[in-house]
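Descriptive analysis of the structure
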Amino acid sequence: MSACTAALRRAPSPPSAHRGVGTRPRACAVRAASSSSATSPAAVLGEGWSASQVAIFADSPTTRALVTCDLLELRPPELCPELPMWLLRDGDDILELWARTEKLAAEACKNAGDKKEEHNTEGVNNGSTALSNTKSSLHPPYWAVPWVGGQAVARFILDNPEVVAGKTVLDVGSGCGVAALAAAMAGAKSVCANDIDPLAGVAFLENARACGLNVTGVEGSSSTSSSTSSCILETSVEDLLQSSATSVAKYDVIMAGDVCFVKNLAEAFQGWLGDVSTRKPGAVTILGDPRRQDAWAPKPGWATGMESVATYEVTTKSTSPLTEGQAVRNTA
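All values reported here derive from a predicted model rather than from experimental measurement.

**A closer look at the pattern of salt bridges**
Here the structure, examined in full by the defined rule, presents 12 salt bridges. Where Asp70 meets Arg100, a salt bridge forms, and the shortest distance between an N and an O atom there is 2.7 Å. You can see Asp70 sitting in the loop between α2 (61-67) and β3 (72-75) and its partner Arg100 sitting in helix α3 (residues 94-111), a full 30 residues away along the chain. Residue Arg209 is joined to Glu206 by a salt bridge in which the shortest nitrogen-to-oxygen separation is 2.4 Å. Of the two residues, Arg209 and Glu206 both sit in helix α6 (residues 198-210), three residues apart, roughly one turn of that helix. Connected through salt bridges with shared partners, the residues Asp70, Glu96 and Arg100 form a single ionic network.

Structure representation (structure tokens):
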């Protein structure tokens, strides 16, 4: 069992910036405004990712089949029974899913006659392989796991929909999209699920469908949408840690969950979130974290004005050393 904490920083608002937004969640018709392969010319891809890989893993029937394959099951995360999602049946299956991801990439490169990018699956196709022995050229499929820090952010949003209702929301390091989905369900005007892994965007859209959101504007999607109750869903593969606060100033709410699981990322995310928390008056910044390692977990005062707003205790489903590592955590 673990405890996870959600911390929130709200930039001061001038009196005229007050919004009278209702607090009740609303059902949304959702349309995808961009595919997971869409990036601006100036966008920086995440470390280890190339433009050709992003194209291979863009939203398509093939990638949709991968993110809903037999290794995953439709079930809700532990803290969010309202959100059915395609998640790993067993934590150790992440190794097999990783191998299938590598195989898809290798076949795509072979079909395209691309000899420049080799995808090594050695060390990934054995369910007992340790993380230290893997030689994969792609990141593990973290999008198939409902990380508890993200669940904490989602739970906070679902319980406090007024935080996002009618607002523009950015979920950084979105993964399976649990927090982004919660924002859409809670009445956000628009939600951007950002993750450097393009398959995370595909998984997010499939999970949106699983949650009953009407995804339109994507190949193979329903075309019906309500202009009065729609929430625009966007996906992004840009490495936003390389961007400035100005580039994300349009977002009323920026949130991140469980992004401090290794030292370098913990430092980078805390620094970036601290910088963007003052991006404009009234802006809200949220970080959910289960304190995996005290040495680099967020500490009181890590960002000016950040305060703990909720703590949740959660017992997770079967885990793997590649994912949660232990069954019980505290998340906030």
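Back to the text.
**What about the environment of Thr101?**
Residue position: Thr101 is located in helix α3. Taking the relative accessible area as the measure of exposure, Thr101 reaches 5% and is therefore buried. Measuring from C-alpha to C-alpha, the distance between Thr101 and His139 comes to 9.5 Å, with 38 residues separating the pair along the chain. Not counting residues up to four positions away in its chain, the partners in contact with Thr101 are Phe57, Leu66, Leu138 and Leu199.

**Structural notes on the environment of Ala303**
Within the secondary structure, Ala303 sits in the loop between β10 (284-289) and β11 (307-315). A relative accessible area of 5% means that Ala303 is categorised as buried. Measuring from C-alpha to C-alpha, the distance between Ala303 and Asp275 comes to 8.3 Å, with 28 residues separating the pair along the chain.

**Observations concerning the packing of aromatic side chains**
Applying the stated rule across the entire model yields four aromatic pairs. For the pair Tyr142 and Phe261, a centre-to-centre distance of 5.9 Å together with 70° between the ring planes defines the contact as edge-to-face. With a gap of 119 residues between them, Tyr142 in the loop between α3 and α4 (148-159) and Phe261 in the loop between β9 (253-257) and α7 (263-276) connect regions that are remote in the sequence. The class of Tyr142 is partly exposed, set by a relative accessible area of 24%. Relative accessible area serves as the criterion here: at 25%, Phe261 is assigned to the partly exposed category. Summarising the aromatic geometry, the rings of Trp147 and Phe261 are spaced 5.4 Å apart at their centres and angled 35° between planes, so their arrangement reads as tilted. With a gap of 114 residues between them, Trp147 in the loop between α3 and α4 and Phe261 in the loop between β9 and α7 connect regions that are remote in the sequence. Among the aromatic residues, those joined into a cluster by ring pairs are Tyr142, Trp147 and Phe261.

Reading the values: rules and limits
Note that residues are indexed from 1 along each chain, following the sequence as it is written. With pLDDT at 70 or above as the cut-off, local features in this predicted model cover only qualifying residues; side-chain atom pairs require 80 or more to be listed or tallied, and sums for whole chains, interfaces and linings still use all residues. Computation of side-chain values: all heavy atoms of the structure, hydrogens and water removed. In the sections that follow, a salt bridge refers to a side-chain nitrogen of Lys or Arg positioned within 4 Å of a carboxyl oxygen of Asp or Glu. Secondary structure is summarised from DSSP: a helix means a run of H or I of at least four residues, a strand means a run of E of at least two, and numbering begins at the N terminus for each. Relative accessibility under 20% of the residue-type maximum defines a buried residue, over 50% an exposed one, and the middle range a partly exposed one, all with a 1.4 Å probe and only protein chains included. Here, two residues are considered to be in contact whenever any of their heavy atoms come within 4.5 Å of each other. Centre distance within 6.5 Å is the pairing criterion for rings of Phe, Tyr and Trp, where only the six-membered ring of Trp is used; planes under 30 degrees apart are then read as stacked, over 60 as edge-to-face, and the remainder as tilted.

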